[in-house]
Amino acid sequence: MKKNAPRLDFSEAPLKNRAFSEKPMSFIDEEPKTFLSAIIDMIAIETGNRIAREHWQHKQLQNLLEHAGRRSAFWRERIGAKKIKGISLSDLPILTRSDVVKQVEIEGSLLPSDTIATSKHATSGSSGTPVQFFVSEMNQRYNPLRSVAQYFMEGRDLTLNSTTFKPSFRKRTEGGFVVERTTGWLGPLNSLLKGGTGKRISYGRPNRDLLFKELMKDPIGYLVIQPSLIESLFHNGNISFLRENGTEMFIPTGEEADRDLRDKFLAARIPVRANYSSEEVGCIAVECKDCPENFHVAQSNVIVEVDNRDCVVVGSNTLGRVLVTHLHSYATPFVRYDIGDFAILSTGCGCGHDGPVLSNIYGRKKRLIKHSDGNVSRFGLTARHILQIVKCDEYRIRQTTLDTIEVEIGGIDQLNADEIAALKSLLKERAGDEFQIHINAVRNINWGNNAKRLAFHSEVS
Ligand SMILES: [Zn+2]
């Protein structure tokens, strides 16, 4: 029998004994209610009827373009004489990283400061062209919400712990990491539900023994982590430590988890569920629970196109350029933004989901540096750190031998002694003291056929 109502049922929700409001004429307190209702919004849009969803997206795109056209000469010129009411995405030009740099430099944030708070961010992605941009408070609220919504969409166990790793070099400690514990990871829903505890670990170059000691203190639960960190911690390939310490799901983030690593987790009976996101736009797509390596596009946040005019061939697959339109990017609009990745876009998923799906996402290479003692470690360096020292258009860092790193800083003629010293010490801090660092200023970096323009790669095999 066809069911014409979604089943909203809390019989399996781990409600707290005092979950509900004790105030007169209320049911759920304001804060958890607002959060819960926003989660229902997202689930309704992303799992509901496709026509309704796409109509909503179309209207949101119009709203964004009207705003951008009103507040920005840059965007007025791109929109030109086209009528926004009848506009489709393909009428607009592709937005490159350098377009964004130009718009932000000339016009700053497009949201007036008395409307909604904005803050400045920079890409920490793998691309060699750094981008600074503005995000609104709404964007910052959306991302944690979308992350929790995924647990509800899949019916994942909310009582498990969550252990999230975040690269950061700001705090220097003996172990090379800082632990921050929370009583729950469900945000405002912590007052309603008995969720697991949350642990956030910011790390630079962590000491393996001390980090393992920390991980043994509590069951790990959902493990949100960069694949390169897993590989540097378990370079012998044996991840049984994670299973023994209660890892229930591996959620790779920031980079792709390659087949080998996925197989190791599957052999340890730990499911893998990757996120595809970026600093600029937040969540782009989430891996399907039934069809591994297929990603449902987060349509409450973005419209994704794949431009096949400019493609790369990887194995037997032809992949097109991923263009992302962030529907809520009112501070710095990202419309048809070339995010620097390649993929295949399909109109539906094998699991039955009626929405766009990305597969064969290519370009999120792991950043591993190789050491002469045979170890590998994660190379964490963001565009922000380079830009704090020198204002450049692009940069490239290459490990050329076991003890040499070559750095090219693009778009400038000369670096002064202070800049060179600061760059050297930054590189040594991130890579290790044993490296010789060579730094060169160049007008244009010769990327050759490196379409991805990776900011860092190791040529040592
Ligand atoms: Zn699916």
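Everything numeric here is computed off the predicted structure, so don't read it as measured data. (Residues numbered from 1 in each chain as written. Predicted model: local features only at pLDDT ≥ 70, side-chain atom pairs only at ≥ 80, totals over all residues. Heavy atoms only, no water.)

## Comments concerning the overall build of the protein
Across its full length, the protein holds 11 helices and 20 strands. The C-alpha radius of gyration computed for the protein amounts to 23 Å, which stays within 12% of the reference 23 Å derived for 461 residues, consistent with globular compactness. Each principal axis of the C-alpha distribution contributes one length, and for the protein these read about 70 × 60 × 50 Å. Considering the protein as a whole, with its 461 residues, one finds that 52% of them fall into the buried category. Accessible surface, the protein: about 22600 Å² in total, of which carbon and sulfur atoms supply 50%. (Helix = DSSP H or I, 4+ residues; strand = E, 2+ residues; numbered from the N terminus. Rg over C-alpha atoms; globule rule 2.2 N^0.38 Å. Buried < 20%, exposed > 50% of the residue type's maximum accessible area, 1.4 Å probe, protein only. Areas by Shrake-Rupley, 256 points an atom, 1.4 Å probe, with all protein chains shown as cover.)

## Some points on the packing of aromatic side chains
Inspection of every chain in the model, using the stated rule, returns 11 aromatic pairs. Each ring, one from Phe-133 and one from Phe-334, has its centre 5.7 Å from the other, and the planes form 80°; the classification is edge-to-face. Here Phe-334 lies in the loop between β12 (317-326) and β13 (337-346) and Phe-133 lies in strand β2 (residues 132-136), a separation of 201 residues in the sequence. Grouped by ring-pair contacts, the aromatic residues Phe-133, Phe-334 and Tyr-337 constitute a single cluster. Here the basic side chain of Arg-78 rests over the ring of Trp-75, its NZ or CZ set 5.3 Å away from the ring centre. The ring of Tyr-151 carries Arg-156 above its face, with NZ or CZ at 4.5 Å from the centroid. (Phe/Tyr/Trp six-rings, centres within 6.5 Å; stacked < 30°, edge-to-face > 60°. Lys NZ or Arg CZ within 6 Å of the ring centre and 35° of its normal.)

## What about the sheet that holds strand β7 (residues 247-252)?
Taken in spatial order, the five strands make up an open sheet running β4-β5-β3-β6-β7, and their pairing is mixed. Looking at which strands have only one partner, the edges of the open sheet turn out to be β4 (177-182) and β7. Pairs of neighbouring strands in the sheet enclose a mean axial angle of 15°, with direction left out of account. Across six bridges, the pairing between strand β3 (residues 162-167) and strand β5 (residues 198-203) is parallel. Bridged to Pro-167 within β5 is Tyr-203. Here helix α6 (residues 208-215) sits on the sheet and contacts β3, β4 and β5; the angle it forms with β4, its principal contact strand, is near 10°. (Pairing = 2+ DSSP bridges. Axes fitted to C-alpha atoms, helices over the stretch in contact; angles between N-to-C directions. Contact = heavy atoms within 4.5 Å.)

## Quick look at the pattern of salt bridges
The tally for this structure, following the rule as stated, stands at 27 salt bridges. Here Arg-398 and Glu-408 are joined by a salt bridge, their closest N and O atoms 3.7 Å apart. Of the two residues, Arg-398 sits in strand β17 (residues 394-401) while Glu-408 sits in strand β18 (residues 404-410), which places them 10 residues apart along the sequence. The same class applies to Arg-398 and to Glu-408, which are both buried. Shared partners join several salt bridges into a network, and the residues in it are Arg-181, Lys-199, Glu-214, Lys-217 and Asp-218. (Salt bridge = Lys/Arg side-chain N within 4 Å of Asp/Glu carboxyl O.)

## Digging into the nonpolar core
Within the largest apolar cluster, 42 residues are counted, with the highest numbers of intra-cluster contacts made by Leu-65, Tyr-276, Ile-284, Val-322, Ile-339 and Leu-358. In this structure, Ile-39, Tyr-142, Ile-251 and Val-286 belong to the second largest nonpolar core, which totals 25 residues. (Core = buried A, V, L, I, M, F, W, Y, C linked by side-chain atoms within 4.5 Å.)

## Brief notes about the coordination of the zinc ion
Surrounding the zinc ion are the protein donor atoms Cys-288 (SG), His-296 (NE2), Cys-349 (SG) and Cys-351 (SG), which sit 2.1 to 2.3 Å from the metal. Angles of 104 to 118° at the metal separate the four donor atoms of the zinc ion, which places the site in the tetrahedral class. Written as a sequence motif, the donor arrangement for the zinc ion is C-x7-H-x52-C-x1-C. Placement of the pair is His-296 in strand β10 (residues 294-297) and Cys-349 in the loop between β13 and β14 (357-362), with a sequence separation of 53 residues. (Donors = N, O, S within 2.8 Å, 3.2 Å for Na, K, Ca; no water. Tetrahedral: all angles 85-135°; square planar, octahedral: opposite > 155°, others 65-115°.)

## Some details on the pairing of β14
Where β10 lies against β14, three bridges are found, and the strand directions are antiparallel. In the sheet register, Asn-294 faces β14, and the bridge partner there is Ser-359.

## Concerning the sheet that holds strand β20 (residues 456-458)
The strand order β19-β18-β17-β20 describes an open sheet built from four strands, whose pairing is mixed. Looking at the sheet topology across the chains shown, the edges are occupied by β19 (436-442) and β20. Across the sheet, the mean angle separating the axes of adjacent strands is 15° when strand polarity is ignored. Bridging between β17 and β18 involves seven bridges; their strand directions are antiparallel. Each bridged residue has a counterpart across the sheet, and for Arg-398 the counterpart in β18 is Glu-406. Against the sheet, helix α11 (residues 417-431) engages β17, β18 and β19, with an angle of about 135° to β19.

## A short note on the pairing of strand β11 (residues 302-314)
Here β11 pairs with β12 via 10 bridges, running antiparallel. Residue pairing across strands places Val-313 opposite Thr-318, the latter belonging to β12.

## A few points about the state of the cysteines
Counted by the stated rule, this structure contains zero disulfides. Sulfur of Cys-291: no disulfide; nearest cysteine sulfur belongs to Cys-349 and is 4.0 Å away. (Disulfide = S-S within 2.5 Å.)

## Here's the deal with the environment of Asp-433
For Asp-433, the position within the fold is in the loop between α11 and β19. When its relative accessible area of 61% is taken as the criterion, Asp-433 is described as exposed. Placed 30 residues apart in sequence, Asp-433 and Asp-403 show a C-alpha to C-alpha distance of 9.5 Å.

## Let's talk about helix α5 (residues 137-154)
Its 18 residues place the ends of α5 27 Å apart at the C-alpha level, agreeing with the 26 Å of an ideal helix rising 1.5 Å per residue. Buried within α5 we find Asn-139, Tyr-142, Leu-145, Arg-146, Val-148, Ala-149, Gln-150, Tyr-151 and Glu-154. Against the buried residues of α5 lie α1 (30-47), β2, β6 (221-225), β7, β9 (282-287) and β12. Looking one or two residues past α5, Gly-155 carries a phi angle of roughly 65°, positive in sign. (Expected span 1.5 Å × (residues − 1).)

## Regarding the side chain of Gln-150
Its place among the elements puts Gln-150 in helix α5. The exposure class assigned to Gln-150 is buried, which follows from its relative accessible area of 10%. Once residues lying within four places of it in the same chain are set aside, the contact partners of Gln-150 are Arg-156 and Val-286.

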